[in-house]
Amino acid sequence: GGMAESFMTLAAVAALANGTTTITNVENQRHKHCNRLEVVASELRAVGVECKETKDGLIIEGNPRLRSRAVIEATRINTHSDGRVAMSFAVLGCAVPGIRIEGKRCVDASYPTFWNHLSTIEANLRPVVESQSIKIPQNEASVWIVGMRGVGKSILG
């Protein structure tokens, strides 16, 4: 479906959640720019997340402690020249210290201003973006939630 490509961002967020997240029905993502299921599982494991590939998805054991992990050496994320992989792991890099996106120019074809937009939010982006972070006053900050209508985006908790 139209939301299948969003599974990578869901996986990045699930990496920080308490408990287990099971993503299913995204087998078609094995045949995109790269085998996205394999790449996401491999790169999540590199960051320190337990992640198992299934026939049509992933099983992710969230690890909220990643937010405060000690960084001896940056974890290099291999995007396999897939912009969606790069953007999804950049989201994870906002919360987890020491993530470095390799080949980040691959996002230019679909979202050339992605890194500039990402750098405008208050986050730990030094390993990802080599530009200055801009502080946005609390009353001017925006939060964007993307997804299909009626899937619970407005429910918190």
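A quick note: this is a predicted structure, and the numbers were derived from the prediction, not measured.

Reading the values: rules and limits
- Residues numbered from 1 in each chain as written.
- Predicted model: local features only at pLDDT ≥ 70, side-chain atom pairs only at ≥ 80, totals over all residues.
- Heavy atoms only, no water.
- Helix = DSSP H or I, 4+ residues; strand = E, 2+ residues; numbered from the N terminus.
- Expected span 1.5 Å × (residues − 1).
- Buried < 20%, exposed > 50% of the residue type's maximum accessible area, 1.4 Å probe, protein only.
- Contact = heavy atoms within 4.5 Å.
- Phe/Tyr/Trp six-rings, centres within 6.5 Å; stacked < 30°, edge-to-face > 60°.
- Pairing = 2+ DSSP bridges.
- Axes fitted to C-alpha atoms, helices over the stretch in contact; angles between N-to-C directions.
- Parallel < 35°, antiparallel > 145°, perpendicular 65-115°, else oblique.
- Left-handed = near helix turned anticlockwise from the far one by under 90°.
- Nonpolar A, V, L, I, M, F, W, Y, C, P; charged D, E, K, R; others polar.
- Core = buried A, V, L, I, M, F, W, Y, C linked by side-chain atoms within 4.5 Å.
- Polar contact = N/O pair within 3.5 Å; in protein donor to acceptor, adjacent residues only side chain to side chain.
- pLDDT = per-residue confidence, 0-100.

Looking at helix 2 (residues 36–47)
Here helix 2 spans 16 Å end to end across 12 residues, near enough to the 16 Å set by a 1.5 Å rise per residue. Inspection of helix 2 places Arg36, Leu37, Val39, Val40, Ala41, Glu43, Leu44 and Val47 among the buried residues, and these make up the whole buried set. Considering only its buried residues, helix 2 is in contact with helix 1 (7–14), strand 2 (50–53), strand 3 (58–61), strand 4 (75–78), helix 3 (83–95) and strand 5 (99–102). Just downstream of helix 2 lies Gly48, where phi reads positive at about 115°.

A look at helix 3
Between its first and last C-alpha atoms helix 3 spans 19 Å; for 13 residues at 1.5 Å apiece the expected length is 18 Å, and the two agree. Where the residues of helix 3 are buried, they touch helix 1, helix 2, strand 4, strand 5 and helix 4 (114–119).

Observations regarding the packing of aromatic side chains
For the structure shown, the criterion picks out 2 aromatic pairs. Judged by centre distance (4.9 Å) and plane angle (80°), the ring pair of Phe114 and Trp115 falls under edge-to-face. For Phe114, a relative accessible area of 9% puts it in the buried group. According to the relative accessible area criterion, Trp115 is buried, its value standing at 8%. Members of the aromatic cluster, joined through ring pairs, are Tyr111, Phe114 and Trp115.

Some details on the sheet that holds strand 1 (residues 20–23)
In spatial order, the strands read 1-3-2; together these 3 strands make up an open sheet with antiparallel pairing. Either end of the sheet is taken by a strand with one partner, and the two such strands are strand 1 and strand 2. Ignoring which end each strand starts from, the neighbouring axes of this sheet average 10° apart. Packed onto the sheet, helix 2 meets strand 2 and strand 3 and runs at close to 160° relative to strand 2.

So, the packing of helix 1 against helix 3
Between helix 1 and helix 3, whose axes approach to 8 Å, the crossing angle comes to 25°. With respect to helix 3, the axis of helix 1 lies roughly parallel. In this structure, helix 1 crosses over helix 3, and the sense of that crossing is right-handed. Where helix 1 abuts helix 3, its residues Met8, Thr9, Ala12 and Val13 lie against Arg84, Val85, Ser88, Val91 and Leu92. Here the contact of helix 1 with helix 3 is composed, by residue class, of 6 nonpolar, 2 polar and 1 charged.

Comments concerning the nonpolar core
Counting residues in each nonpolar core, the largest one holds 37 residues, and the members touching the most others are Leu44, Leu58, Ile60 and Leu92. Secondary-structure elements contributing two or more residues to this core are helix 1, helix 2, strand 3, helix 3, strand 5 and helix 4. Dropping the residues within four chain positions of it, Leu58 is found in contact with Phe7, Ala11, Thr21, Thr22, Ile23, Leu37, Val40, Ala41, Cys51, Lys52 and Glu53.

A look at the side chain of Arg30
Position of Arg30 among the secondary structure elements: in the loop between strand 1 and helix 2. Among the polar contacts listed, one links the side chain of Arg30 to the backbone oxygen of Thr54, at a separation of 2.7 Å. Not counting chain neighbours up to four residues away, the residues in contact with Arg30 comprise Asn35, Arg36, Leu37, Glu38, Glu53, Thr54 and Lys55.

Focus on the confidence of the model for the protein
Per-residue pLDDT for the protein has a mean of 81; in total, 76% of the residues score no lower than 70. For residues 123–134, every residue scores under 50 in pLDDT, and the model assigns this stretch 31 contacts once sequence neighbours within four places are set aside.

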